[in-house]
Amino acid sequence: MNRYSRIFMLLTGLSGALLSSACSSLPQATTNSAERLHSVSRSYQESIHLSGKISVRYEQNNKQQSLPGGSFEWEQTSDNLQITLFSPIGQLIAKITQNANGALLEREGKMPLQADNLDQLLADALRWPLPVSGMRDWLQGFIRQPDGSRTALTASDQTISSDGWNIRYASWHESTNSPKRIDLNRYTTSAGEVTLNIFIEAPQNP
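Only a predicted model underlies this, so the values are computations on that prediction, with no experimental measurement involved. (Residues numbered from 1 in each chain as written. Predicted model: local features only at pLDDT ≥ 70, side-chain atom pairs only at ≥ 80, totals over all residues. Heavy atoms only, no water.)

Caption draft 1: The arrangement of the sheet that holds strand β10 (residues 165-173) in detail. Here 10 strands make up an open sheet; going across it, the order is β6-β5-β4-β3-β2-β1-β12-β11-β10-β9 and the pairing antiparallel. Single-partner strands in this sheet number two, and they are β6 (113-115) and β9 (158-162). Across this sheet, the average inter-strand angle for adjacent strands is 20°, counted without regard to direction. Sheet analysis places β9 next to β10, joined by 5 bridges and oriented antiparallel. By the bridge assignment, T159 is partnered in β10 with R168. The strands touched by helix α3 (residues 118-126) are β3 (81-86), β4 (92-99), β5 (102-107) and β6; relative to β5, the strand with the most contacts, the crossing angle is about 25°. (Pairing = 2+ DSSP bridges. Helix = DSSP H or I, 4+ residues; strand = E, 2+ residues; numbered from the N terminus. Axes fitted to C-alpha atoms, helices over the stretch in contact; angles between N-to-C directions. Contact = heavy atoms within 4.5 Å.)

Structure (structure tokens):
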């Protein structure tokens, strides 16, 4: 073996050793956000406590109206529902209750209103629709099927239609695989084009 052959073999061996060392020191590939979201399983919860912010845009007398992002508290069980709405500065706007006795709307400085149908009561009193019946499922990322069963949505940016509303799931909480931002939109004869933007904090059990 001549001198140049020995030098070539030496360099080849050194290169192989360096490459092997570099490969062994590379960090392990991390799971991306989408994979983490899909890896977290979830099931529908009959009893849940949610909080967050909600903003509303609608039309009244052919003029655009808007309610800036106030906060809300949402507490439900299989039989009861209580929703509390606050202004951006924390003042109580309305307290909504639904149970076996019917639906009740309480507002500061106004007489309480009671009815059997909560969705219609809110549409008449607030002048814009709040689809409470559907939100029991939508806020958890589920859609009710015609047979009454619920289907869990995948944690992705998607838009679907349900009960006459276009529902966009814009973002999700990675830790719980639950909705973080939901945009609701529909046209109504009484309130024109209605848009609800809902931002939900990570859910907690009551």
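That shown, we press on.
Caption draft 2: Representation of the environment of N197 within the structure. Residue position: N197 is located in strand β12 (residues 192-200). A relative accessible area of 11% means that N197 is categorised as buried. For the pair formed by N197 and R57, sequence separation is 140 residues and the distance between their alpha carbons is 8.8 Å. Ignoring any residue separated from it by four or fewer positions in sequence, one finds N197 in contact with K53, I54, S55, R57, R181, I182 and D183. Among the polar contacts listed, one links the side chain of N197 to the side chain of R57, at a separation of 3.4 Å. Within polar-contact distance, the side chain of N197 engages the side chain of D183 at 2.9 Å. (Buried < 20%, exposed > 50% of the residue type's maximum accessible area, 1.4 Å probe, protein only. Polar contact = N/O pair within 3.5 Å; in protein donor to acceptor, adjacent residues only side chain to side chain.)

Caption draft 3: The arrangement of α3 in detail. For α3, the complete set of buried residues consists of L118, L121, L122, A125 and L126. The buried residues of α3 occupy one face: seen down the axis, they fall within an arc of 100°. At its buried positions, α3 is contacted by β3, β4, β5, β6 and α4 (132-138). The residue sitting at the N-terminus of α3 and contributing the capping side-chain oxygen is N117; that oxygen lies 3.1 Å from the backbone nitrogen of D119. Backbone geometry just downstream of α3 places R127 in the positive-phi region, at approximately 75°. (Arc of directions from axis to C-beta.)

Caption draft 4: Molecular detail of the environment of N177. Tracing the backbone shows N177 in the loop between β10 and β11 (178-188). Exposure remark for N177: the relative accessible area of 8% places this residue in the buried category. Note: C-alpha distance between N177 and S156 (21 residues apart in sequence) is 9.9 Å.

Caption draft 5: Structural context of the layout of surface pockets. Reported here for the largest pocket is a volume of approximately 360 Å³. Every residue lining the largest pocket is counted, 21 residues in all, and those nearest its centre are L67, L85, I93, L126 and W128. Listed by contribution, the elements that provide at least two residues to the lining of the largest pocket are β1 (48-60), β2 (63-76), β3, β4 and α3. Of all the elements, β2 adds the most residues to the lining of the largest pocket, at 4 residues. Among the residues forming the lining of the largest pocket, the class breakdown is 14 nonpolar, 3 polar and 4 charged. (1 Å grid on protein atoms, 1.4 Å probe; cavity = no way out; pocket = protein on both sides within 12 Å on 5 of 7 lines; lining within 4 Å. Points joined across faces, edges and corners; volume = space filled by probe spheres on them. Nonpolar A, V, L, I, M, F, W, Y, C, P; charged D, E, K, R; others polar.)

Caption draft 6: Up close: the side chain of S51. If you trace the backbone, S51 turns up in strand β1. On the accessibility criterion, S51 (15% relative accessible area) is buried. With near-sequence residues (within four places) excluded, S51 lies in contact with F72, E73, F199, I200 and E201.

Caption draft 7: Up close: the packing of aromatic side chains. Tallied over the full model, the rule gives 2 aromatic pairs. Here the aromatic rings of Y44 and F142 are separated by 5.6 Å at their centres, their planes lie at 85°, and the arrangement is edge-to-face. Linking Y44 in the loop between α2 (33-39) and β1 with F142 in strand β7 (residues 142-144), this pair joins segments that are 98 residues apart in sequence. Considering the side-chain rings of Y169 and W172, the 5.4 Å spacing of their centres and the 25° angle between planes classify their relative orientation as stacked. The residues Y169 and W172 share a single accessibility class, namely buried. The positively charged end of R150 is found above the aromatic ring belonging to Y44, 3.7 Å away from the centroid. (Phe/Tyr/Trp six-rings, centres within 6.5 Å; stacked < 30°, edge-to-face > 60°. Lys NZ or Arg CZ within 6 Å of the ring centre and 35° of its normal.)

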